[in-house]
Amino acid sequence: MAIVSLLDVSLSFGGAPLLDRVNLQIDRGERVALVGRNGAGKSTLMKVIAGELKPDDGQVFRQPGAVFSTLRQEVPSGLAGTVRTVVEGEGGAYEEHNDWERHDRVERLLEQMGLPVDQEFASLSAGQKRRVLLARGLVEAPQLLLLDEPTNHLDLASIQWLEEFLLEWGGALLFVTHDRTFLRKLSTRIVEVDRGKLIGWACDYDTFLQRKEAVLEAEEVERAQFDKKLAQEEVWIRRGVKAQRSRANNRIHALEKMRAERISRRDRTGTAKMTAQEADRSGFKVIACEGAGFKYDNRWIIRDLTVRIERGDKIGIVGPNGAGKTTLLRLLLGQLAPTAGTVEQGTKLEVVYFDQLRAQLDETMRVQDAVADGNATVTINGKTRHVISYLEDFLFEPQRARTPIKALSGGERNRLLLARLFTKPCNVLVLDEPTNDLDAETLDLLEDLLVEFGGTLLLVSHDRAFLNEVCTSLLVFEGEGKIAEYLGGYDDWQRERAAKAAAALAAAEAAKRSAKDAAGSGPDKKARKLTNKERAELEALPKTIEKLETEQATLTETLGDPLFFKKPATEVARATARLHEIEAELAAAYARWSELGG
């Protein structure tokens, strides 16, 4: 039996239906990803399934006794007490209800999730609060877990933990996410909300993208043919009906049907059109740090940072929540003075900053006034445009452009802030978590814009796919204020970490063997005699090491050139992967050379 089924469900809020006679079934063990444009009705559908919204028409069948738990985008207000009391919820009095199974679930979840049980909930970071709320929902032992943007405000480690946890959990999931890597790893099925309808796709996310594009192209051809036929019939009827009455009546009825079909047609929401205004080029050196550090309350947030950022670099900044990523941005931009070392900014810098906390938006202002500072027009790349027309490029209808900011959704706020920022010419673009709440199509567009941007980019993000597509290198917080630089995107960083770990392990094993050999051969014992094959290997190793080091130096220089990253992604990936292989091969060669007595 299905956990939940929707039969011909419809729901609207005055305009076109958000749900128009939709059908859906979710079975045990399924992990269903809900996709669609911002405002398409994904969150509304989840509320209908959870029983929080009653449909205008149709039926919702839930398995008798089934428990549904929901993790929302926003942390609910009014939650007080320690982590333990929040997770326990209203069922905390185990003795009264004799519910010791619940008590065991609470203890197990608190341990599994590594939660600070006695810490006040209000003092936690946004990511920690979401982890606590997930535990609170799981305590109920739900048959269906509904997750609305579960990765928002989580750092990379927390996102990876959540992925593994949900994969092992085994219950049914219905989730909405902008994190494409998260979606790819978790979903067993995709359901799309598109113009009031639900479309099921029994495939992985990448196959869905290909098939969806083909469907949209076919739809466009079909609609063009329909519109051409309708236009021909309109010309025919305006010329006067000359055919036999019965044939003419049939044709008139067919025309009326076509007119009604055209009126009821719901066109797909357009694609945003983002263009960054580029200022005059900055100097080649953008930012240079030499032994830079920053201390706060006797704790080093950043320690001994030496890095040079040059024009055209696209730098991703990665680290746990609270590590100091925003502090690093402020230090690099000269908004904070270093406690130690030096930080120098280059010449002719025009900086535009996208704020993670959205503090640049005044909630009381209208959308159009926030973009144009109360003016009727904006100037984009030397051309004057009406602000309403400009906002339509960012998918704001004229009526929506006149509403106050406080009425906007999370995705709309992000699009508004991007629209506001791109009215300002810049050659250094600073984006602090720009991907939260954006739908996949807008994310793809933003990625393309940033790849083509000729200036310098500083990007804080936990979106792994976004980091892969955009960044030429990463600055990674590695604990105790230390920041390491890695070439390439997220996957390149992970490969390099793995290669370094393998090399360190090989070196440690070689050291252990050398120590064991040294301990086993007393002072009077002669060193082990090498075989002919080992002697030949020892003689060849210096040339092998020299060859590897030469290739390593060449690749490092190549990958240090920003222009190289404009080449096909496969070529960049091959070069980065080879660099990681060389590091592991060098470590193994040195270890073998030491083992043979070189």
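Structure shown above.
Please read these numbers as outputs of a predicted model, since none were measured by experiment.

Caption draft 1: A look at the overall build of the protein. Scanning the protein from terminus to terminus reveals 19 helices and 20 strands. A principal-axis box enclosing the C-alpha atoms of the protein has dimensions of 120 × 70 × 55 Å. Within the span of the protein, comprising 598 residues, buried residues form 45% of the whole. Excluding contacts between residues fewer than 6 apart, the proportion of contacts in the protein whose partners are at least 24 apart in sequence is 68%. Of the roughly 30700 Å² that the protein leaves accessible, carbon and sulfur atoms contribute 50%. Between the centroid of the 84 positive side chains of the protein and the centroid of its 93 negative side chains there is a distance of 4 Å.

Caption draft 2: Molecular detail of the environment of D204. Following the sequence through the fold, D204 ends up in the loop between β9 (197–201) and α8 (205–238). Residue classification places D204 among the partly exposed residues on the basis of a relative accessible area of 44%. Distance in space between the C-alpha atoms of D204 and S409 is 28 Å, their sequence separation being 205 residues. Among the polar contacts listed, one links the side chain of D204 to the backbone nitrogen of T207, at a separation of 2.9 Å.

Caption draft 3: Highlighting the pattern of salt bridges. Summed over all chains, the structure comprises 34 salt bridges. As a salt-bridge pair, K185 and E163 come within 3.5 Å of each other at their nearest N and O atoms. In this pair, K185 is assigned in helix α7 (residues 180–186) and E163 in helix α6 (residues 156–169), connecting sequence segments 22 residues apart. Classification of K185 by relative accessible area gives partly exposed; the value is 44%. Notably, a salt bridge pairs R578 with E585, separated by 3.0 Å at the nearest N-O pair. Each member of the salt-bridge network shares a partner with another, and the members are E192, D194, R195, K212 and E219.

Caption draft 4: Spotlight on the sheet that holds strand β1 (residues 4–11). One open sheet accounts for 3 strands, arranged β2-β1-β4; its pairing is antiparallel. The sheet is open, and its two edges are formed by β2 (19–26) and β4 (57–62), each paired on a single side. Across the sheet, the mean angle separating the axes of adjacent strands is 15° when strand polarity is ignored. Of the strand pairs in this sheet, β1 and β2 are connected by 5 bridges, and their pairing is antiparallel. Note that in β2 the partner of L11 across the bridge is L19.

Caption draft 5: Spotlight on helix α14 (residues 410–421). In this model, α14 (12 residues) spans 17 Å end to end at C-alpha, consistent with the 16 Å of a helix rising 1.5 Å per residue. Counting buried positions along α14 yields 11 of 12 residues, so the element is predominantly enclosed. Among the residues of α14, G411, E412, R413, N414, R415, L416, L417, L418, A419, R420 and L421 are the ones counted as buried. Contact partners of the buried residues in α14: β14 (351–354), α11 (367–372), α12 (387–392), α13 (398–401) and α15 (440–452).

Caption draft 6: Highlighting unusual backbone geometry. Here D373, not a glycine, exhibits a phi torsion of approximately 55°, which is positive. Along the chain, D373 turns up in the loop between α11 and β15 (377–380). Its identity as a non-glycine residue notwithstanding, E480 has a phi of 55°, on the positive side. For E480, the position within the fold is in the loop between β19 (473–477) and β20 (483–487).

Caption draft 7: Examining the sheet that holds strand β7 (residues 172–176) more closely. Read across the sheet, 6 strands follow the order β5-β6-β7-β3-β8-β9 without closing on themselves; strand pairing throughout is mixed. The open sheet is flanked by β5 (68–71) and β9, the only strands paired with a single partner. Neighbouring strand axes in the sheet, compared pairwise and without regard to direction, differ in orientation by 20° on average. Pairing of strand β6 (residues 144–148) with β7 involves 5 bridges; the strand directions are parallel. Within β7, the position partnered with D148 by the bridge is V176.

Caption draft 8: The packing of aromatic side chains, seen in detail. Following the criterion strictly, the structure yields 7 aromatic pairs and no others. Ring geometry for Y486 against W493: centres 6.3 Å apart, planes inclined by 50°, an arrangement best described as tilted. Across the pair, exposure class does not vary: Y486 and W493 are buried alike. Aromatic side chains Y490 and W493 sit 5.7 Å apart centroid to centroid with 80° between the ring planes, which places their arrangement in the edge-to-face category. Residue Y490 and its partner W493 are both found in helix α17 (residues 490–520); the two are separated by 3 residues, about one turn of the helix.

Caption draft 9: Broad picture of the packing of helix α5 (residues 126–138) against α6. At a minimum axis separation of 12 Å, α5 and α6 run at an interaxial angle of 10°. The angle between the axes of α5 and α6 places the two elements in the roughly parallel class. Between α5, through R131, L134 and L138, and α6, the contact on the second element is made entirely by S158, W161, L162, F165 and W169. Among the residues forming the contact of α5 with α6, the class breakdown is 6 nonpolar, 1 polar and 1 charged.

Caption draft 10: Highlighting the nonpolar core. Core analysis: the largest hydrophobic core is formed by 49 residues, its most contacted members being L391, L416, F422, L429 and L450. When residues in this core are grouped by element, the largest group, 5 residues, is from α14. Here F422 is in contact with M274, T275, A276, Q277, I380, Y390, F394, L429, L446 and L449, once residues within four sequence places are set aside. Of all hydrophobic cores here, the second largest spans 36 residues; its members include L71, L115, L145 and I159.

Caption draft 11: Layout of the pairing of strand β17 (residues 428–432). The buried fraction of β17 amounts to 5 of the 5 residues, a majority that puts the element mostly inside the structure. Alternating positions in β17 separate into two faces, V428, V430 and D432 on one and L429 and L431 on the other, with burial throughout. Summarising the sheet, β14 and β17 pair through 4 bridges and their orientation is parallel. By the bridge assignment, V352 is partnered in β17 with L429. Across 5 bridges, β17 lies against strand β18 (residues 456–460) in parallel orientation. For V430, the partnering residue across the bridge sits in β18 and is L458. The parallel pair β17 and β18 is bridged by α15, and the resulting crossover is right-handed.

Caption draft 12: The arrangement of helix α18 (residues 532–559) in detail. The terminal C-alpha atoms of α18 lie 40 Å apart, and with 28 residues this matches the ideal 40 Å at 1.5 Å per residue to within 8%. Along its length, α18 shows its largest kink, about 35°, at A540, and proline P542 lies within four residues downstream of that point. For α18, every residue scored as buried is listed here: E534, L538, L541, I545, L548, L555 and L559.

Parameters and conventions
Note on numbering: residues in each chain are counted from 1, in written sequence order. The predicted nature of this model means local features are confined to residues of pLDDT at least 70 and side-chain atom pairs, given and counted, to a pLDDT of 80 or more, with totals for whole chains, interfaces and linings taken over all residues. Heavy atoms from the whole structure form the basis of all side-chain values; hydrogens and water molecules are not counted. A helix here means a DSSP run of H or I that spans at least four residues, while a strand means a run of E at least two residues long, and both kinds are numbered starting from the N terminus. Relative accessibility decides the category of a residue: with a 1.4 Å probe and only protein chains considered, values under 20% of the type maximum give buried, values over 50% give exposed, and everything between is partly exposed. Contacts between residues were defined by any pair of non-hydrogen atoms, one from each residue, lying within 4.5 Å. In this description, accessible areas are obtained by the Shrake-Rupley approach with a 1.4 Å probe, and a residue is regarded as covered only by the protein chains that are shown. We count Lys and Arg on the positive side and Asp and Glu on the negative side, and we leave His and both chain ends out. Every charge is mapped to an atom, namely NZ of Lys, CZ of Arg, CG of Asp or CD of Glu. Polar contacts, as used here, are pairs of N or O atoms within 3.5 Å; protein pairs need one atom able to donate a hydrogen and one able to accept it. Residues neighboring in sequence count only if both atoms are side-chain atoms. A pair is scored as a salt bridge if a Lys or Arg side-chain nitrogen falls within 4 Å of a carboxyl oxygen belonging to Asp or Glu. DSSP bridges decide pairing: two strands pair if at least two such bridges lie between them. Between N-to-C directions, angles cover 0 to 180 degrees, with each direction set by a line fitted to C-alpha atoms, over the stretch in contact for helices. The span you would expect from a helix comes to 1.5 Å times its residue count less one. Note on aromatic pairs: the rings of Phe, Tyr and Trp (six-membered ring only in Trp) are paired at centre separations within 6.5 Å, and the planes decide the class, stacked below 30 degrees, edge-to-face beyond 60, tilted for the rest. Each angle gets one of four labels, with under 35 degrees taken as roughly parallel, over 145 as roughly antiparallel, 65 to 115 as roughly perpendicular, and the rest as oblique. Residue polarity is assigned by list, with Asp, Glu, Lys and Arg as charged and Ala, Val, Leu, Ile, Met, Phe, Trp, Tyr, Cys and Pro as nonpolar; anything else, Gly included, falls into the polar class. Residues belong to one nonpolar core when they are buried, are Ala, Val, Leu, Ile, Met, Phe, Trp, Tyr or Cys, and are joined through side-chain atoms within 4.5 Å. Looking down the strands as they point away from the viewer, one classifies a crossover as right-handed if the path from the first strand across the helix to the second runs clockwise. To obtain the bend at a residue, axes are fitted to the seven residues ending there and to the seven starting there, and the angle between these axes is taken.

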